[in-house]
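Here's the letter readout for the chains.
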Amino acid sequence: MLSEIMMIPMIAALMLLLAIIVGLFFLGLDRKIAARFQSRIGPPIVQPFRDLVKLLAKETIVPDNAIGWLFNLAPVIALASALLLILYLPFLGVAPILSGYGDLILVLYLLMLPALAIAIGGFASGNNYATVGAQRKLIMMLSYEFPLAVLVMAVVWKTSSMFPDLQGFTFSTFMQHPVLTLVGPVGGFGVVLLIVTILIALCAELIKGPFDNPEADTELAGGVLVDYSGRNLALFLLSDAVKLCAFITLVIGLLLPCSLGDMFSSFMYTGWLAIAANVVFFFVKFTVIAILGLTFVRVAFARLKINQATKFFWLVSAGISLLGLLLISLDSMM
Amino acid sequence: MRQTNTFKKSLWVFHLNTGSCNGCDIEIVATLTPRYDAERFGIKLVGTPRHADVLIATGPVTKEMADRAKRVYEQMPEPKYVMCVGSCGSTGGVFYDSYNTLGGIDKIIPVDVYVPGCPPRPEAIIHAFVKLWEKMDKKAEKSRPVKKRKQANKNKTVNKDKTVKRSKIVNKRSTILTKRITEQK
Ligand code: SF4
């Protein structure tokens, strides 16, 4: 009994460690592939690990006109909430560890928390650039939250209308019955549109590519993070890595939860093999989404102005997601 | 020692223009382009002095800029280094007798490496980074306890033998090469 109680925290700790490592690794891969796109050689893939070690070796400065405790607390909140998010998501393609204690709505709120923490840190640092960056971050959050909500609505509605006796708002339901298998060709197109919306939101959530206004190095001198250094910056780097993991896992868990293991199980079921196949397949999906949704978009498009980005989210992105919802509902009427 | 090792693999750089003609600045940007790609050594240009390990300063320091340059230097977290790119920053360069410049960045903040040239080539700037790393090593060496230093020196003599051997081999090769070339002629 005791060992069982100990098991879950152990697995959770291992998972979080893995999430950090995978996240940092993919940040490095992102930089490497972006460099290859620009026909540069690029930094080695382990570069984020090296940056992290170096940042930990540096002095941590708290500016005079910052609100000290809030300034130091913000990176901790950002990292902690991102880590908590991982526990609620089907990371590695296995059912989420905390699945009984909360559902998709909670995940949506947790998703906001790292972004809020960054904005709070920006406001607390008392720097003009950081304040502008934090405002941009908040505006951005208000904009991409709506398409995301529509998307979640569409998926949940479809699943729960097909299986009314299952719990609608949990990832294990989506894993049992992936949306793509529930819809016909028209609805399939709708799901593809939803994937496009969530990939657009991915860049905004991770403050990358065309939506990196809050951190814009060239105009805001680092934006929200302008006054952070040393340990605090390292924590933000870590939370960035975990956030990358969490958000891509969210994409996979919501829209592409199909697993190889289930297909395997029909003819060669041995527990570990199925799990291993699942994990490998998860990472294949993860890599494809990271490169197509993040690196490619980041290299191909220049930064939008903040008003353009907001307009883009409220008109184009929201439009696409609503169209996806419409197509899925049309599909179920046919 | 350890700290400098982490710096060797990841060095974030903040660029400050203290009144340069923009020639050196373009050359710094050229160091990051696909041809030279300083990012493969972990050297990254950052937007704020708070993230930076190295301050790259260009220009002869106009009087207007002096206080600000000092302030930017003070905003950087320890340990920090300063690299001065261009003749202007080193000595005042073509503006050496101007009434409005201080003539050199080392007049206001301590400089670790100088890169001469008007403007210096990107190769020279990358070379300066190598020099900076060497300097970090030396600094770390000096701050180490004597006992360890002696041990390290012993190791060094071993290395010297190797380098002597290697240089002999290189010499042989080069003489063979020159012979061949003269024969061809
Ligand atoms: S050294 Fe030459 S290129 Fe550089 S700032 Fe001075 S005048 Fe311009």
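Keep in mind the model is a prediction, meaning the values are calculated, not measured.

## A word on the packing of aromatic side chains
Point 1. Under the definition given, this model contains 10 aromatic pairs over all chains.
Point 2. Between A:Tyr228 and A:Phe236, the aromatic rings sit 4.9 Å apart at their centres with planes inclined by 80°, giving edge-to-face as the arrangement. By the burial criterion, A:Tyr228 is buried, and A:Phe236 matches it.
Point 3. Among the aromatic residues, those joined into a ring-pair cluster are A:Phe25, A:Phe26, A:Phe283 and A:Phe286.
Point 4. The ring of B:Trp12 is capped by B:Lys44, whose NZ or CZ atom sits 4.3 Å from the centre of that ring.

## A few points about the site of the ligand
Point 1. Near the ligand you find B:Ser20, B:Cys21, B:Gly23, B:Cys24, B:Gly86, B:Ser87, B:Cys88, B:Val94, B:Gly117, B:Cys118 and B:Pro119, and these make up its full shell.
Point 2. Partitioned by chemical class, the residues of the shell around the ligand number 6 nonpolar, 5 polar and no charged.

## What about helix α3 (residues 63–75) of chain B?
Residues and elements named next belong to chain B.
Point 1. Buried residues of α3: Met-65, Ala-66, Ala-69, Val-72 and Tyr-73, and no others. All buried residues of α3 lie within an arc of 135° about the axis, which places them on one face of the element. Seen from the buried face of α3, the exposed residues on the opposite side, beyond 90 degrees, are Glu-64, Asp-67, Arg-71 and Glu-74.

## Considering the pattern of salt bridges
Point 1. Under the definition given, this model contains 12 salt bridges over all chains.
Point 2. Note that B:Asp37 is salt-bridged to A:Arg40, the shortest N-O span being 3.2 Å. Here B:Asp37, found in the loop between α2 (23–32) and β2 (43–45), pairs with A:Arg40, found in the loop between α1 (2–37) and α2 (47–57), and the two come from separate chains.
Point 3. Given a relative accessible area of 1%, B:Asp37 falls into the buried group.
Point 4. Overlapping salt bridges, with partners in common, bring together A:Arg31, A:Arg40, A:Asp51, B:Asp37 and B:Glu39 in one network.

## Looking at the nonpolar core
Point 1. Counting residues in hydrophobic clusters, the biggest one holds 113 residues, and the most contacted among them are A:Leu254 and A:Leu255.
Point 2. Within the second largest apolar cluster, 20 residues are counted, among which are B:Leu11, B:Val13, B:Ile28 and B:Met136.

## A closer look at the sheet that holds strand β4 (residues 81–85) of chain B
Residue and element names in this part refer to chain B.
Point 1. Pairing within the open sheet is parallel, and its 5 strands lie in the order β2-β1-β3-β4-β5. Every interior strand has two partners, whereas the edge strands, β2 and β5 (113–115), have only one. The average angle at which neighbouring strand axes cross in this sheet is 25°, direction not considered.
Point 2. Pairing of strand β3 (residues 54–58) with β4 involves 5 bridges; the strand directions are parallel. Bridge assignment links Leu-55 to a residue of β4, and that residue is Val-82.
Point 3. Lying on the sheet, α2 is in contact with β1 (11–17), β2, β3 and β4; it crosses β3 at an angle near 140°.
Point 4. Contacting β1, β3 and β4, α3 crosses the sheet at an angle of about 170° to β1.

## A short note on the interface of chain A and chain B
Point 1. Residue-level contacts link 28 residues of chain A with 26 residues of chain B.
Point 2. Buried area between chain A and chain B, summed over both chains or domains, comes out near 2100 Å², and the portion from carbon and sulfur atoms is 53%.
Point 3. Three residues stand out in chain A for area buried against chain B, namely A:Arg40, A:Lys54 and A:Lys58, and they jointly supply 28% of the buried area on that side.
Point 4. Our enumeration of links across chain A and chain B arrives at 6 salt bridges.
Point 5. Our count for the contact surface shared by chain A and chain B stands at 14 residue pairs in polar contact (both at pLDDT 80 or more).
Point 6. Considering every element that reaches the side of chain A that touches chain B, the biggest residue donor is α2(A), with 7 residues.
Point 7. Its residues assigned to classes, the side of chain A that touches chain B comprises 13 nonpolar, 6 polar and 9 charged.

## Topic: the pairing of β1(B)
Residue and element names in this part refer to chain B.
Point 1. Among the 7 residues that make up β1, 5 are buried, leaving the element largely enclosed by the rest of the structure.
Point 2. Judged from the 3 bridges that link them, β1 and β2 form a sheet pairing that is parallel. Residue pairing across strands places Val-13 opposite Leu-45, the latter belonging to β2.
Point 3. One ladder, built from 5 bridges, connects β1 with β3; its direction is parallel. Paired with Asn-17 across the two strands is Thr-58, which belongs to β3.

## Examining the side chain of B:Ser90
All names here are of chain B.
Point 1. Mapping Ser-90 onto the fold places it in helix α4 (residues 87–91).
Point 2. Overall, Ser-90 belongs to the buried group, its relative accessible area being 17%.
Point 3. A polar contact of 2.9 Å, which involves the side chain of Ser-90, links it to the backbone oxygen of Gly-86.
Point 4. Contacts of Ser-90, omitting those with residues within four sequence positions, involve Cys-84, Gly-104, Asp-106, Tyr-114 and Val-115.

## Here's the deal with the packing of helix α4 (residues 104–124) of chain A against helix α10 (residues 230–255) of chain A
Residue and element names in this part refer to chain A.
Point 1. At a closest axis distance of 12 Å, the pairing of α4 and α10 adopts a crossing angle of 155°. With respect to α10, the element α4 is oriented roughly antiparallel. The chirality of how α4 crosses α10 is left-handed. Here Leu-104, Val-107, Leu-111, Pro-114 and Ile-118 of α4 come into contact with α10, specifically with Phe-236, Lys-243, Phe-247, Leu-250 and Leu-254.
Point 2. Across the contact of α4 with α10, the residue classes break down as 9 nonpolar, no polar and 1 charged.

## Comments concerning helix α5 (residues 122–142) of chain B
Point 1. Look at α5(B): 30 Å from first C-alpha to last across 21 residues, which is about the 30 Å you get at 1.5 Å a residue.
Point 2. Of the residues making up α5(B), those classed as buried are B:Pro122, B:Ile125, B:Ile126, B:Ala128, B:Phe129, B:Leu132, B:Trp133, B:Met136, B:Ala140 and B:Glu141.

## Looking at the confidence of the model for chain B
Point 1. The share of residues in chain B with pLDDT of 70 or more is 77%, and the mean pLDDT across the chain is 80.
Point 2. In the predicted assembly, ipTM is 0.73 and pTM is 0.79.

## Topic: the pairing of β4(B)
Residue and element names in this part refer to chain B.
Point 1. The buried fraction of β4 is high, at 5 of 5 residues.
Point 2. Every second residue of β4 is oriented toward a common face, with Tyr-81, Met-83 and Val-85 on one face and Val-82 and Cys-84 on the other, all of them buried.
Point 3. Regarding the hand of the β-α-β motif, the stretch spanning β3, α3 and β4 is right-handed.
Point 4. Relative to β5, β4 is paired through 3 bridges, and the arrangement is parallel. Across the sheet, the residue bridging to Cys-84 is Tyr-114, located in β5.

Quick notes on the rules
- Residues numbered from 1 in each chain as written.
- Chains lettered and ligands numbered in written order.
- Predicted model: local features only at pLDDT ≥ 70, side-chain atom pairs only at ≥ 80, totals over all residues.
- Heavy atoms only, no water.
- Phe/Tyr/Trp six-rings, centres within 6.5 Å; stacked < 30°, edge-to-face > 60°.
- Buried < 20%, exposed > 50% of the residue type's maximum accessible area, 1.4 Å probe, protein only.
- Lys NZ or Arg CZ within 6 Å of the ring centre and 35° of its normal.
- Near = heavy atom within 4 Å.
- Nonpolar A, V, L, I, M, F, W, Y, C, P; charged D, E, K, R; others polar.
- Helix = DSSP H or I, 4+ residues; strand = E, 2+ residues; numbered from the N terminus.
- Arc of directions from axis to C-beta.
- Salt bridge = Lys/Arg side-chain N within 4 Å of Asp/Glu carboxyl O.
- Core = buried A, V, L, I, M, F, W, Y, C linked by side-chain atoms within 4.5 Å.
- Pairing = 2+ DSSP bridges.
- Axes fitted to C-alpha atoms, helices over the stretch in contact; angles between N-to-C directions.
- Contact = heavy atoms within 4.5 Å.
- Buried area = accessible area lost by both parts, 1.4 Å probe.
- Polar contact = N/O pair within 3.5 Å; in protein donor to acceptor, adjacent residues only side chain to side chain.
- Parallel < 35°, antiparallel > 145°, perpendicular 65-115°, else oblique.
- Left-handed = near helix turned anticlockwise from the far one by under 90°.
- Expected span 1.5 Å × (residues − 1).
- pLDDT = per-residue confidence, 0-100.
- Right-handed = clockwise from strand over helix to strand, strands pointing away.

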